[in-house]
Amino acid sequence: MDRQDAKDAKIWGWLPKMSFVLAALGLSLLLVVFVAPLASKAPDGLEKMQQDAGVPEGTSQWQHAPAPEYKLAPVKHEGLSTAIAGVTGTLIVFGAAWALGRAISRRKAADTPRSVP
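Residues numbered from 1 in each chain as written. Predicted model: local features only at pLDDT ≥ 70, side-chain atom pairs only at ≥ 80, totals over all residues. Heavy atoms only, no water.

Asks: Account for the overall build of the protein chain, naming residues and giving values.
Replies: When you go through the protein chain residue by residue, the secondary structure sums to four helices and zero strands. Listing the helices and strands of the protein chain from first to last along the sequence gives α-α-α-α. Contacts in the protein chain between residues far apart in sequence, at least 24 positions, make up 55% of those at least 6 positions apart. Of the roughly 10000 Å² that the protein chain leaves accessible, carbon and sulfur atoms contribute 67%. (Helix = DSSP H or I, 4+ residues; strand = E, 2+ residues; numbered from the N terminus. Contact = heavy atoms within 4.5 Å. Areas by Shrake-Rupley, 256 points an atom, 1.4 Å probe, with all protein chains shown as cover.)

So, in structure tokens, the structure goes:
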């Protein structure tokens, strides 16, 4: 493999990985937008345990969360509010995972000894 081939491989080698990551992100966003608003209104496991233990509703330490109950106060439509909160959360988690992955891969690359041609 000559230098140009190595350069081309480095430039285009990330494309299949990036396509997969973007497809997975797109699928996640589609699920959040179209499926999350249809989720059950029944309490989840933690809320159910809180009810069973007799803890009064509204005494949670998370009452000042940015999107409590996956809803945004300024948006009145419940399904749209849930979808927006879900998309926001998905993008935040994706961005954090992306940044962490980049930091780890750069650190690994810096720690890997390079051979001199």
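Asks: An account of the pattern of salt bridges is requested, with residue identities and associated values reported.
Replies: Counted according to the given criterion, the structure contains one salt bridge. In this structure, K48 engages D52 in a salt bridge whose closest nitrogen and oxygen atoms are separated by 3.3 Å. Remark: D52 and K48 occur in helix α3 (residues 45–52); sequence separation between them is four residues, near one turn of the helix. Of the residues examined, K48 reaches a relative accessible area of 41% and is grouped as partly exposed. (Salt bridge = Lys/Arg side-chain N within 4 Å of Asp/Glu carboxyl O. Buried < 20%, exposed > 50% of the residue type's maximum accessible area, 1.4 Å probe, protein only.)

Asks: Provide a residue-level description of the environment of E57, including the pertinent values.
Replies: As for its placement among the helices and strands, E57 is situated in the loop between α3 and α4 (78–111). Taking C-alpha positions, E57 is 9.0 Å from E47, a pair spaced ten residues apart along the chain.

Asks: Break down α3 for me, citing the residues and quoting the values.
Replies: Within α3, only zero of the eight residues are buried, which leaves the element largely exposed. Looking one or two residues beyond α3, the residue adopting positive phi is G54, at roughly 80 degrees.

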